[in-house]
Amino acid sequence: MDSGERERRDERVESLVRVLEEGFERGVAGDGAIVSAARRLLRLRATRALVPLVRWLTRAEPGMELYELLIEGLKDWGPAVVPATLEVLETIEEGEARFDLLHVLSHCGARDERIYTALLALLEEEPFLGAVNLSVYGDARALESLGRALDAYELEDDVADVFAQQTVLELGVAIQELGGALTRSHQMKLETARRLREEWHELLERWRGSMSERRESRPGRNDPCWCGSGVKYKKCHLGADRAGLP
């Protein structure tokens with residue numbers, strides 16, 4: 001790339017960065033111009049754009065096109081995202097945005113003591129997310145902390161608590177993927193979690209079967225809806241059933 005091409009590229013990058021920065025001030029995450037600018041900057045791999053891109057990740061929400069674009073694009077960028085992501089991370093004390101930044105840091109392929117320390121803190125705060133990200137990060141020093149987290153996690157004998165079961169299973173997976181061995185108490189807890197998960201799925205399938213049977217025998221327009229909401233059928237699922245929607 002000659003000096004002229006480099007200068008034109010730099011001007012283009014600055015123009016796109018301004019779109020992100022001005023949009024961030026206005027708070028317009030759904031703006032198509034923001035999505036377009038982010039996509040082009042990710043393709044250009046301009047270091048100048050990293051902080052604005054990371055800042056936008058803290059504002060975008062799962063399910064939004066911008067969110068999916070940024071979380072995948074920043075991870076794929078590799079270790080170069082670390083300085084900017086850590087810089088933004090220092091400004092966020094809690095919440096989903098912090099989890100997203102740690103997800104990027106654990107998946108970008110970098111090794112940095114600040115990342116490791118932040119992931120250990122995440123393990124204490126949110127064992128499920130901590131286990132998943134530490135497993136990807138791949139530092140076997142986390143085995144002791146993961147073992148303690150699995151020991152301390154109380155698994156209630158409640159088939160409705162599917163998320164608690166998944167947390168236990170993720171802690172066990174992380175220990176094994178980092179080369180650790182499960183203790184007998186760990187194994188027993190994992191067996192219990194798997195049993196509860198199976199019971200939950202069986203209960204869910206029975207419920208779905210019951211709902212399907214009730215749906216097939218459609219009530220009258222002014223009768224209570226088959227879903228059990230207590231609302232008249234015509235004001236609840238009638239329209240969805242006619243359209244073939246779930």
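Whatever comes next refers back to the structure up there.
In what follows, the accompanying structure is described.

Parameters at a glance
- Residues numbered from 1 in each chain as written.
- Predicted model: local features only at pLDDT ≥ 70, side-chain atom pairs only at ≥ 80, totals over all residues.
- Heavy atoms only, no water.
- Salt bridge = Lys/Arg side-chain N within 4 Å of Asp/Glu carboxyl O.
- Helix = DSSP H or I, 4+ residues; strand = E, 2+ residues; numbered from the N terminus.
- Buried < 20%, exposed > 50% of the residue type's maximum accessible area, 1.4 Å probe, protein only.
- Expected span 1.5 Å × (residues − 1).
- Contact = heavy atoms within 4.5 Å.
- Core = buried A, V, L, I, M, F, W, Y, C linked by side-chain atoms within 4.5 Å.
- Patch = residues over 30% accessible without salt bridge, like charges linked within 9 Å, V, L, I, M, F, W, Y side chains within 5 Å.
- Areas by Shrake-Rupley, 256 points an atom, 1.4 Å probe, with all protein chains shown as cover.
- Lys, Arg positive; Asp, Glu negative; His and termini not counted.
- Charge placed at Lys NZ, Arg CZ, Asp CG, Glu CD.
- Phe/Tyr/Trp six-rings, centres within 6.5 Å; stacked < 30°, edge-to-face > 60°.
- Lys NZ or Arg CZ within 6 Å of the ring centre and 35° of its normal.

Description of the pattern of salt bridges
At step 1: Following the criterion strictly, the structure yields nine salt bridges and no others.
At step 2: Put simply, E14 and R48 hold a salt bridge, and the shortest N to O gap is 3.1 Å. With E14 in helix α1 (residues 3-26) and R48 in the loop between α2 (32-44) and α3 (50-57), this residue pair connects regions lying 34 residues apart in the sequence.
At step 3: The partly exposed category is assigned to R48, whose relative accessible area is 38%.
At step 4: Across the salt bridge formed by E113 and R141, the nearest N and O atoms sit 3.0 Å from each other. Of this pair, E113 sits in helix α7 (residues 113-125) while R141 sits in the loop between α8 (127-137) and α9 (143-152), placing them 28 residues apart in sequence.

Details of α1
At step 1: In a regular helix each residue adds 1.5 Å, so 24 residues correspond to 34 Å; α1 covers 35 Å between its end C-alpha atoms and thus fits that length.
At step 2: Three or more residues of α1 are buried, namely R9, V13, L16, V17, L20, G23 and F24.
At step 3: Looking at the buried residues of α1, the elements they touch are α2 and α3.
At step 4: Of the residues flanking the end of α1, it is G27, one or two places downstream, whose phi is positive at about 70°.

Quick look at the nonpolar core
Generally speaking, a soluble globular protein has its nonpolar side chains buried in company with each other.
At step 1: One finds L53, L70, L74 and L146 to be the most contacted residues of the largest nonpolar core, which totals 66 residues.
At step 2: Counting residues per element, this core draws most heavily on helix α4 (residues 65-77), at seven residues.

Here's the deal with unusual backbone geometry
At step 1: With phi around 55°, R45 is a residue other than glycine that occupies positive phi space.
At step 2: Position of R45 relative to the elements: it lies in the loop between α2 and α3.

A short note on a positive patch on the surface
At step 1: On the surface, R8, R12, R40 and R43 cluster together into a positively charged patch.
At step 2: Elements supplying a minimum of two residues to the positive patch: α1 and α2.
At step 3: Note on placement: R8 falls in helix α1.

Description of the packing of aromatic side chains
At step 1: The full count for this structure, using the stated rule, is two aromatic pairs.
At step 2: Measuring from ring centre to ring centre gives 5.3 Å for F24 and W56, while their planes differ by 85°; the resulting arrangement is edge-to-face. Residue F24 is located in helix α1, and its partner W56 is located in helix α3; the two are separated by 32 residues in the primary sequence.
At step 3: Take F24: its relative accessible area is 11%, and that puts it in the buried class.
At step 4: With a relative accessible area of 1%, W56 lands in the buried category.
At step 5: Measuring from ring centre to ring centre gives 6.5 Å for Y116 and Y137, while their planes differ by 25°; the resulting arrangement is stacked. In this pair, Y116 sits in helix α7 while Y137 sits in helix α8, placing the two residues 21 residues apart along the sequence.
At step 6: Judged by its relative accessible area of 7%, Y116 falls in the buried class.
At step 7: Above the plane of the ring of Y137 lies R111, whose end atom (NZ or CZ) is 4.3 Å from the centre.
At step 8: Lying across the ring of Y116, R141 places its NZ or CZ 4.1 Å from the centre.

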